[in-house]
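As a plain string of letters, each chain reads:
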Amino acid sequence: MSPEAERVSSTPTAGGRHLTLTVGPPAAGGTFVARHEGRVVFVRGSAPGETVTARLVDDPEQHANARFWRAEAVDVLEAGVDRVPTVWQEASVDGVGGAEWAHIALPAQRRIASEVMQELLRRAGVTSYPIEQVQVEPAPHDVDGLGSRTRVRFAVDEEGRVGMRGWRSHEVRDVGENPLAAQGIRDLRLGEWTAPEGTEAVDAVAPSAGPVSVVLVGRDLDPASLEIPESWGDADVAVRTGRGLVPLRGDGLVHERVGERLFSVSATGFWQGHRRAAELLSDVVQSVLKAPHGGSAWDLYGGVGLFAAIAAEQVGSEGAVVTVEGNRRASQLAQENLEDLPQVSTATADVADWVRARRGGVDVVVLDPPRNGAGAELIELLARTVRQRIVYVSCEPSTLARDLAVAEKAGWKVVDLRAFDLFPHTHHVESVTVLERA
Ligand SMILES: C[S@@+](CC[C@H](N)C(=O)[O-])C[C@H]1O[C@@H](n2cnc3c(N)ncnc32)[C@H](O)[C@@H]1O
């Protein structure tokens, strides 16, 4: 072992074979590519340029003919230049999932994520934009990527211990200091608490306005069985059973401030997870959407109305904005959040169904789909319907790349693409792409 070598984990394998591997470029999904006797091995917990002892995840006998194997680095024999002491010991290879790059320097994480995103765009065949210009930028004022997660789902085991699951594992593991979570969530000290019988998960939220929220999730959970611990301070508390959300303290909502506007969000509903994300994405969408005054805009996959508020300001009171969201509660909240903007209407519907049923066109669209992206059918519908500009907010570069290639074939071009590190210490990337007619 070299002097700079670092022991990552000494957990013995359950019969898994160990290989010595030299690790090369990044692959999608947060792993890195190595080769063993000509076969590709995707290695988790490593970094480019290092030599590691890796434990095979796949049984080599059962997968003798597979094109690739998967492995996890358990010892570092030669550290790569990007390796740093992990920011979260409990998230190393045998620990909790969700921080697979915590052992890589933050600027290197962004460089690697940029390389992966560029490669995905190239492979999808995107040609209308200079791909080498795509660089993952940090969120403003985010110096170390710590304390930025405002939404954390904890898992609970049968004894009521609260932790998180391991990567591809059902085992609930200790989160330790949980340094990626916002301070308000860490202060709850959920790892020291025992959840009542029937608790399957705990959702903790540290919103930008108002108290922290804790929701216990369990189909048959008895709300009366919960004694709220002192460490939760004045947090709002609710229980989500098979019959719905039962608020015990507060009203089951959290509040988020973006500029002057306050948004109500269900305590278990979607809101951008990084504490700077909503503001940053709003600013970017604001500068690129360019909805014409008196014109029309659609906010697709609209959630509680974050981007509809921007579109509404741009079109003004003579314009028209529709925000389309599939979740009934989110759609209802969007209506309440934007009730001072009569130019906004809400539709509770599947986005593709709703767009397919439109007869007229629209000037601009902002869409923010979940990880599986918009898909070819919706992109082709939008390519025919939208008159001026499509702004695509994405949390998954692989589905974005696929959808952009479809848009190019349908006669559109990418005129801007900005990528952001809104999931520090993971391989995930958020981005905003602007499309115009070619
Ligand atoms: C990534 S979130 C974006 C929400 C919002 N734009 C924001 O930034 O707060 C995606 C949203 O799409 C909704 N959604 C997912 N699939 C949908 C579909 N097929 N039709 C309509 N809405 C959908 C989800 O409920 C979620 O609110």
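For the chain, an unreviewed UniProt entry supplies the name SAM-dependent methyltransferase and the organism Brachybacterium alimentarium.

Caption draft 1: Here's a closer look at the environment of A66. When you line up the elements, A66 lands in the loop between β4 (51-56) and β5 (68-78). Along the sequence, A66 and D144 sit 78 residues apart, while their C-alpha atoms lie 39 Å from each other.

Caption draft 2: Structural context of the site of the ligand. The environment of the ligand is made up of 16 residues, and the closest members are Q272, E325, G326, D350 and D368. Taking Q272, its side chain carries an N or O atom lying 2.7 Å from an oxygen atom of the ligand. Here V351 contributes a backbone N or O atom positioned 3.0 Å from a nitrogen atom of the ligand. In the complex, the protein chains occlude 82% of the 600 Å² of accessible area that the ligand would expose alone. For the shell around the ligand, the residue count by class is eight nonpolar, five polar and three charged.

Caption draft 3: Structural context of a nonpolar patch on the surface. Nonpolar side chains collect at one region of the surface, where I228, V246 and L248 lie side by side and expose about 190 Å² of accessible area between them. Looking at the element boundaries, L248 is found in strand β13 (residues 244-249). Note on L248: relative accessible area 37%, which makes it partly exposed.

Caption draft 4: Representation of the UniProt feature "active site" (unreviewed entry) in the chain within the structure. Annotation from UniProt places "active site" (unreviewed entry) at C395. One can find C395 in the loop between β20 (386-394) and α8 (397-409). Setting aside anything within four residues of it in sequence, one finds C395 in contact with P369, P370, R371, F423, V429 and E430.

Caption draft 5: Main features of the nonpolar core. Counting residues in hydrophobic clusters, the biggest one holds 60 residues, and the most contacted among them are L121, W298, L300, V355, L367 and L382. Two domains share this core, each providing at least three of its residues, namely domain 1 (18-95) and domain 3 (274-437). In this view, L382 contacts W298, L300, V355, V365, L367, I390 and W412; residues no more than four positions away in its chain are not counted. If you look at the next biggest cluster of nonpolar residues, it comprises 46 residues, including A278, L306, V315 and V344.

Caption draft 6: Local environment of the pattern of salt bridges. Applying the stated rule across the entire model yields 24 salt bridges. For E72, the salt bridge identified is with R55, shortest N-O distance 2.7 Å. Taken as a pair, E72 in strand β5 and R55 in strand β4 lie far apart in primary sequence, 17 residues in all. Of the two residues examined, E72 and R55, each falls in the buried class.

Caption draft 7: Region of the structure containing the packing of aromatic side chains. Under the criterion given, the structure shown has five aromatic pairs. When the centroid spacing of 5.1 Å and the interplanar angle of 65 degrees are considered together, the rings of F42 and F68 count as edge-to-face. On the criterion of sequence distance, the pair formed by F42 in strand β3 (residues 39-44) and F68 in strand β5 is long-range, its members being 26 residues apart. Its relative accessible area of 22% is what places F42 among the partly exposed residues. For the pair W298 and W354, a centre-to-centre distance of 4.9 Å together with 80 degrees between the ring planes defines the contact as edge-to-face.

Caption draft 8: Structural view of unusual backbone geometry. Of note in the backbone geometry, E37 takes a positive phi value of approximately 45 degrees without being a glycine. By secondary structure assignment, the location of E37 is in the loop between β2 (32-36) and β3.

Here is what the cut-offs are and how they apply
Once a new chain begins, its residue numbering starts again from 1 and follows that chain's sequence as written. Where local features are concerned, this predicted model is filtered to residues with pLDDT of at least 70; where side-chain atom pairs are given and counted, the filter is 80 or more; whole-chain, interface and lining totals use all residues. Side-chain measures were taken over the full set of non-hydrogen atoms in the model, leaving aside hydrogen atoms and water. Secondary structure elements follow DSSP: runs of H or I no shorter than four residues count as helices, runs of E no shorter than two count as strands, and numbering proceeds from the N terminus. A single heavy atom is enough: if one lies within 4 Å of a molecule or strand, its residue is considered near that molecule or strand. Polar contacts here mean pairs of N or O atoms no more than 3.5 Å apart (in protein, one a potential hydrogen donor and the other a potential acceptor; neighbouring residues in sequence count only if both atoms are side-chain atoms). The method behind every accessible area is Shrake-Rupley, applied with a 1.4 Å probe, and residues are considered shielded solely by the protein chains displayed. In the scheme used here, Gly and all other residues not listed as nonpolar or charged are polar, with Ala, Val, Leu, Ile, Met, Phe, Trp, Tyr, Cys and Pro taken as nonpolar and Asp, Glu, Lys and Arg as charged. Distance thresholds for patches are 9 Å for like charges and 5 Å for nonpolar side chains (Val, Leu, Ile, Met, Phe, Trp, Tyr), applied to residues having over 30% relative accessible area and no salt bridge. The salt bridge criterion pairs a side-chain nitrogen of Lys or Arg with a carboxyl oxygen of Asp or Glu, the two atoms within 4 Å. Accessibility here uses a 1.4 Å probe with only protein chains present; expressed as a share of the type maximum, an area under 20% marks a residue as buried, one over 50% as exposed, and anything in between as partly exposed. UniProt positions are given in the numbering used here, feature names are shortened, and annotations may be inferred rather than shown by experiment. We call two residues in contact when some of their heavy atoms are within 4.5 Å. Each nonpolar core is a collection of buried residues, namely Ala, Val, Leu, Ile, Met, Phe, Trp, Tyr and Cys, held together in the definition by side-chain atoms within 4.5 Å. The domain boundaries here were taken from an automatic or database domain assignment. The aromatic pairing rule takes the rings of Phe, Tyr and Trp, using the six-membered ring of Trp, and pairs them if the centres are within 6.5 Å, calling planes under 30 degrees apart stacked, those over 60 edge-to-face and the rest tilted.

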